[in-house]
Amino acid sequence: VPASVTEIKQAAFYESNLREVTFAEGSRLRALGKQAFYGCRFLTYIDLPEGTLTVEDDAFKGCKVMEYARIPNTVTAMGNSVFESCEKLESVVLPTGLEKLGNTVFNCCYALTTLEMDGEGRHFTVEGNCLIELETKELWYGIATSVIPEGAVVSIRRSAFKYVNVRELAIPEG
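Everything quoted here is computed from the prediction, not taken from an experiment.

Chemist: How do you make sense of the environment of Glu133 when you look at a structure like this?
Modeler: Considering the arrangement of structural elements, one finds Glu133 in strand S11 (residues 130-133). Overall, Glu133 belongs to the buried group, its relative accessible area being 13%. C-alpha separation for the pair Glu133 and Arg30, spaced 103 residues apart in sequence, amounts to 24 Å. Once residues lying within four places of it in the same chain are set aside, the contact partners of Glu133 are His123, Phe124, Glu138 and Trp140. A polar atom in the side chain of Glu133 sits 3.5 Å from the backbone nitrogen of Glu135.

Set out below in structure tokens:
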């Protein structure tokens, strides 16, 4: 993707045969539109460039063989179902700048075993493979091997573990 591209519009690569997406050095990408890479059945990873601000609904939904995704710290908003049905997705690095997060982001991501964030964000953090909203101490998403950190969570969001193959869940006393 050339450095001059600032937005990948809605459904730009919908169900395409893309195998790899590379962003040019100095990329000025700011937004991924709805369903930008929806159903790209051969796309195995995505590493968005720094400077990207938003990832809209269903951006990578149905990318069945995607294994890895890194969303840069500059992203402040991610829509609904961004990675839904990415059945082979194993690892996701989320942005520390995240302020708004949609629903069902990781639904049907059966292989997801690693959820990370490069440091603690202002609104969300990841600890023990749990995505936690800091102000309310609510666990938003858990994955197959979540360890709920002691003292960090006071409530678990409805659907936090929906369509997750929970293999191990450690819940602290209290």
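Chemist: What am I meant to see in the sheet that holds strand S4 (residues 54-55) here?
Modeler: Strand pairing in a sheet is mediated by backbone hydrogen bonds. Such pairs are either parallel or antiparallel. Across the sheet, which stays open at both edges, the 5 strands sit in the order S1-S2-S4-S6-S8 with parallel pairing between neighbours. Strands with a single pairing partner mark the edges of an open sheet, and in this sheet they are strand S1 (7-8) and strand S8 (100-101). Bridging between S1 and strand S2 (residues 31-32) involves 2 bridges; their strand directions are parallel. Within the sheet, the bridge partner assigned to Ile8 lies in S2 and is Leu32.

Chemist: When you look at the environment of Ala144 in this model, what are you seeing that I'm missing?
Modeler: Mapping Ala144 onto the fold places it in the loop between strand S12 (138-142) and strand S13 (145-147). Along the primary structure Ala144 and Leu32 are separated by 112 residues, whereas in three dimensions their C-alpha atoms are 28 Å apart. Dropping the residues within four chain positions of it, Ala144 is found in contact with Leu112, Val164, Asn165, Val166, Arg167 and Glu168.

Chemist: What should I look at first to understand the state of the cysteines in this one?
Modeler: Structurally, a disulfide amounts to a covalent bond that connects the sulfur atoms of two cysteines. Summed over the entire model, instances satisfying the criterion amount to 0 disulfides. Of the cysteine sulfurs around Cys40, a residue in no disulfide, the closest is that of Cys63, at 5.0 Å. The closest cysteine sulfur to the non-disulfide-bonded Cys130 is located on Cys109, 16 Å from its own sulfur. For Cys130, a relative accessible area of 0% corresponds to the buried category.

Chemist: Quick question: what am I supposed to make of the sheet that holds strand S3 (residues 45-47) here?
Modeler: The sheet built from 4 strands is open, its strands ordered S3-S5-S7-S9 with parallel pairing. With partners counted over all chains shown, the strands left at the sheet margins are S3 and strand S9 (114-117), one partner each. Looking at each pair of strands side by side, their axes are set apart by 10 degrees on average, direction ignored. Here S3 pairs with strand S5 (residues 68-70) via 3 bridges, running parallel. When the bridges of S5 are listed, Tyr45 appears paired with Tyr68.

Chemist: How should I be thinking about the side chain of Ser81 in this particular structure?
Modeler: Locating Ser81 in the fold gives a position in the loop between strand S6 (77-78) and strand S7 (91-94). Of the polar contacts made by the side chain of Ser81, one reaches the side chain of Glu84; its length is 2.9 Å. Looking at Ser81, its side chain comes within polar contact range of the side chain of Thr104, at 2.7 Å. Those residues in contact with Ser81 that lie beyond four places of it in its chain are Asp58, Lys61, Asn103, Thr104 and Val105.

Chemist: Teacher, can you tell me more about a nonpolar patch on the surface here?
Modeler: A contiguous nonpolar patch, built from Val166, Leu169 and Ile171 and spanning about 260 Å² of accessible area, is present on the exposed surface. Tracing the chain through its elements places Val166 in the loop between strand S14 (155-156) and strand S15 (168-170).

Chemist: What exactly am I supposed to notice about the pairing of S9 here?
Modeler: Each regular strand shows side chains that alternate between the opposite faces of the sheet. Only one face of S9 is buried, namely the one carrying Leu115 and Met117, since none of Thr114 and Glu116 on the opposite face is buried. Alignment of S7 against S9, held across 4 bridges, turns out to be parallel. Residue pairing across strands places Ser91 opposite Thr114, the latter belonging to S9.

Rules used throughout
- Residues numbered from 1 in each chain as written.
- Predicted model: local features only at pLDDT ≥ 70, side-chain atom pairs only at ≥ 80, totals over all residues.
- Heavy atoms only, no water.
- Helix = DSSP H or I, 4+ residues; strand = E, 2+ residues; numbered from the N terminus.
- Buried < 20%, exposed > 50% of the residue type's maximum accessible area, 1.4 Å probe, protein only.
- Contact = heavy atoms within 4.5 Å.
- Polar contact = N/O pair within 3.5 Å; in protein donor to acceptor, adjacent residues only side chain to side chain.
- Pairing = 2+ DSSP bridges.
- Disulfide = S-S within 2.5 Å.
- Axes fitted to C-alpha atoms, helices over the stretch in contact; angles between N-to-C directions.
- Patch = residues over 30% accessible without salt bridge, like charges linked within 9 Å, V, L, I, M, F, W, Y side chains within 5 Å.
- Areas by Shrake-Rupley, 256 points an atom, 1.4 Å probe, with all protein chains shown as cover.
- Salt bridge = Lys/Arg side-chain N within 4 Å of Asp/Glu carboxyl O.

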